[in-house]
Amino acid sequence: MVLENLGQSLRNVLKKITGASHIDEALVKEITRDIQRALLQSDINVKLVLEMTKEVERRALSEEPPAGTSPKEHVVRIIYDELIRILGQPRPLPVAKQTIMMVGLYGQGKTTTTGKLARYFHKKGLSVGVIAADVHRPAAYDQLKQIADKVGVLFYGEPGEKDAARIAANGMKHYSTIDVVLVDTSGRHALEDDLIAELKNVADVVKPTERILVLDAAVGQQAGPQAKAFHDAVGVTSVIITKMDGTAKGGGALSAVAQTKASIVFIGVGEHLTDLEPFDPTRFISRLLGMGDIQSLLEAAKDTVSEEQAAETVKKMMGGRFTLKEMYEQMEMLTNMGPLKKLVSMLPGMPGLSEKMDVEESQKKLRRFKFIMDSMTDEEMEDPKLIKSTRINRIARGAGVEAKDVRELLKQYNMSKKAVKGFMGNRKLRKQLMKQFSSEMGQSE
Ligand SMILES: Nc1nc2c(ncn2[C@@H]2O[C@H](COP(=O)(O)OP(=O)(O)O)[C@@H](O)[C@H]2O)c(=O)[nH]1
Ligand SMILES: [Mg+2]
């Protein structure tokens, strides 16, 4: 089975929310389960997942959305907040004397990031030295030396020496007066026992104050176990996610952080030594969730129909006015409004729209109706009786639909109008609707 990546599954959860007609307990329970599944599949600690989702559920069911926030928007925000919370408080690396050991699998960006950090501390005015303790990759020595020269920091290495711990020990002696010492280490494609043993030996002689795990943003599912193995070996204190300039969203970072309780300190955003940015949890989660899209989805949901507009339409109808405009407004309310959907669906004469209507289907129909109405004149909208065959053809051409679609709209309109008329003529029903209407309006979801 191919597992979806974390970002994708979380984005699907958000889509489920924005696509729902309204937020209720069943939906909250469903999305909580979805989030649970997504996080557990990403190897995030079970206890943490349960705590997080319990909190999402509790808040979603008990909190009132703040003024100006729709219930959907509020639930999305709760999920967002709670995900940020998993990432923990950002903890910048101190700009101070320290020894940093870099760990991570081959190709994740350790050597490059060593150079970026060296540059960062050098720019802050500290003296910096790097140690080449990757004894497995033939070109590792040269790669780090070149980077150190470019950045203008000290370099220590012993080409040909196969004992990483010995190089590290000599390097530490060599740098006894240097503020920040960065130790680059070997990767390897998989976590083999001898790599772990080597890293432990290096850590023993270096006694690093920071053990930084370097993780490629694309690592995904493997991030959790990787982080755990490195954490068990050397005790990871910080994480740097590299290649955030690519398409990967870095969902694995959540697992790594959850495994190690370390905080993400920086992200790598390119191959150049200047491409290092402080980690910003809010931005990170936004990117993971594709908040750009979600934000616009939410906005679309928001600027549809307000309660005042709904009240306005209902009032007009109570007054007996029912032209194509009212019908359109009514359909729009029904398809786009969460909390008031139940109410609006009780309005008489809604063309074929029952409580259980398919929102997607009716939105499609609504869009088609909108095209059609957009090709009508104001006169026609106000007085649809004017619309006869030549006008039908003109409207259909203008809307890019067939004449039968225009006829369908008119037929629905006539049916609705009849129903509205009959309904408004019935005093008892009208009173009942009014009562229901005011109680719905006063009741917030
Ligand atoms: N686009 C991009 N490439 C990166 C980043 N960090 C490292 N790389 C590239 O990833 C590759 C492996 O990096 P390297 O530092 O040698 O990884 P190591 O094996 O862990 O030491 C190199 O081609 C780097 O240029 C980053 O933040 N963005
Ligand atoms: Mg390397």
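Residues numbered from 1 in each chain as written. Chains lettered and ligands numbered in written order. Predicted model: local features only at pLDDT ≥ 70, side-chain atom pairs only at ≥ 80, totals over all residues. Heavy atoms only, no water.

Draft legend 1. Just the sheet that holds strand β6 (residues 238–242), in detail. With mixed pairing, the eight strands of this open sheet are ordered in space as β3-β2-β4-β1-β5-β6-β7-β8. Both outer strands of the open sheet, β3 (154–156) and β8 (276–278), are each paired with one neighbouring strand and no more. In this sheet, adjacent strand axes meet at a mean angle of 25° when their direction is disregarded. Taken together, the four bridges between β6 and strand β7 (residues 263–268) define a ladder with parallel strand orientation. Its bridge partner being in β7, I240 is matched across the sheet by F266. Across the sheet, helix α5 (residues 110–123) is in contact with β1 (98–103), β2 (128–133), β4 (180–185), β5 (210–216), β6, β7 and β8; its angle to β4 comes to roughly 175°. Lying over the sheet, helix α7 (residues 164–174) contacts β1, β2, β3 and β4, oriented at roughly 165° with respect to β2. (Pairing = 2+ DSSP bridges. Helix = DSSP H or I, 4+ residues; strand = E, 2+ residues; numbered from the N terminus. Axes fitted to C-alpha atoms, helices over the stretch in contact; angles between N-to-C directions. Contact = heavy atoms within 4.5 Å.)

Draft legend 2. Broad picture of helix α2 (residues 25–41). The first and last C-alpha atoms of α2 sit 24 Å apart over 17 residues, in line with the 24 Å expected at 1.5 Å per residue. Where α2 is concerned, the buried positions are L27, V28, I31, T32, D34, I35, A38 and L39. Projected down its long axis, α2 shows its buried positions confined to an angular sector of 160°, all on one face. Contact partners of the buried residues in α2: α1 (6–19), α3 (46–62) and α4 (71–87). (Expected span 1.5 Å × (residues − 1). Buried < 20%, exposed > 50% of the residue type's maximum accessible area, 1.4 Å probe, protein only. Arc of directions from axis to C-beta.)

Draft legend 3. Spotlight on the nonpolar core. Ranked by internal contacts, the top residues of the largest apolar core, which has 75 residues, are I17, L39, I79, L83, I241 and I285. Residue contributions to this core peak at nine residues, all from α4. Two domains each donate at least three residues to this core, and these are domain 1 (6–89 + 292–301) and domain 2 (98–279). When near neighbours in sequence (up to four residues on either side) are disregarded, L83 contacts L10, L39, M52, L254, I285 and L289. If you look at the next biggest cluster of nonpolar residues, it comprises 25 residues, including V128, L144, V151 and V180. (Core = buried A, V, L, I, M, F, W, Y, C linked by side-chain atoms within 4.5 Å. Domains from an automatic or database assignment.)

Draft legend 4. Seen up close, the pairing of β2. In terms of burial, β2 is largely enclosed, as six of its six residues are buried. Alternating positions in β2 separate into two faces, V128, V130 and A132 on one and G129, I131 and A133 on the other, with burial throughout. Bridging between β2 and β4 involves six bridges; their strand directions are parallel. Looking at the pairing, V130 lines up with L182 of β4. Two elements, β2 and β3, share three bridges in a ladder whose sense is parallel.

Draft legend 5. Up close: the side chain of R211. The residue R211 is located in strand β5 in this model. With no salt bridge to any partner, buried R211 finds its closest opposite charge in E210, at an N-O distance of 7.1 Å. At 2.9 Å, the side chain of R211 and the backbone oxygen of G235 are in polar contact. (Lys, Arg positive; Asp, Glu negative; His and termini not counted. Salt bridge = Lys/Arg side-chain N within 4 Å of Asp/Glu carboxyl O. Polar contact = N/O pair within 3.5 Å; in protein donor to acceptor, adjacent residues only side chain to side chain.)

Draft legend 6. Representation of the site of ligand 1 within the structure. Around ligand 1, the surrounding shell holds 18 residues, and the nearest of these are G107, K110, T111, T112 and D245. With respect to ligand 1, the side chain of T112 contributes an N or O atom lying 2.5 Å from an oxygen atom. Here a nitrogen atom of ligand 1 sits 3.2 Å away from a polar atom, N or O, in the main chain of G270. Considering ligand 1 on its own, with 580 Å² of exposed area, one finds that the protein chains cover 81% of that surface. Residue contributions to the shell around ligand 1 peak at four residues, all from α5. (Near = heavy atom within 4 Å. Areas by Shrake-Rupley, 256 points an atom, 1.4 Å probe, with all protein chains shown as cover.)

Draft legend 7. Here's a closer look at α3. Here α3 spans 24 Å end to end across 17 residues, near enough to the 24 Å set by a 1.5 Å rise per residue. Those residues of α3 that fall on the buried side of the exposure criterion are V49, M52, T53, V56, R59 and A60. For α3, the arc enclosing every buried residue in end-on projection is 130°, short of the 170-degree limit, so these residues lie on one face. In α3, those exposed residues whose orientation departs by more than 90 degrees from the buried face are V46, K47 and K54. Those residues of α3 that are buried are in contact with α2 and α4.

Draft legend 8. Broad picture of the environment of E82. Topologically, E82 is positioned in helix α4. The spatial distance from the C-alpha of E82 to the C-alpha of V56 is 7.0 Å, given a sequence separation of 26 residues.

Draft legend 9. Here's a closer look at the packing of α3 against α4. Contact geometry for α3 and α4: axes closest at 10 Å, N-to-C directions at 155°. Classified by the interaxial angle, the pair formed by α3 and α4 is roughly antiparallel. By crossing handedness, the relation of α3 to α4 is classed as right-handed. Contacts from L48, M52, E55, V56, R59 and A60 of α3 reach α4 at V75, I78, I79, D81, E82, L83, R85 and I86. Across the contact of α3 with α4, the residue classes break down as nine nonpolar, no polar and five charged. (Parallel < 35°, antiparallel > 145°, perpendicular 65-115°, else oblique. Left-handed = near helix turned anticlockwise from the far one by under 90°. Nonpolar A, V, L, I, M, F, W, Y, C, P; charged D, E, K, R; others polar.)

Draft legend 10. Local environment of the pairing of β5. In terms of burial, β5 is largely enclosed, as seven of its seven residues are buried. Because side chains alternate across β5, one face comprises the buried residues E210, I212, V214 and D216, and the other comprises R211, L213 and L215, equally buried. Here four bridges tie β1 to β5, and the two strands are oriented parallel to one another. Residue pairing for β5: M101 is matched across the bridge by R211.

Draft legend 11. Unusual backbone geometry, seen in detail. Although it is not a glycine, K243 adopts a positive phi angle of roughly 60°. Residue position: K243 is located in the loop between β6 and α10 (252–260). The phi dihedral of K261 falls on the positive side, at around 60°, and the residue is not glycine. Turning to its location among the elements, K261 is positioned in the loop between α10 and β7. Overall, the relative accessible area of 73% leaves K261 in the exposed class.

Nothing here speaks to function; it is all geometry.
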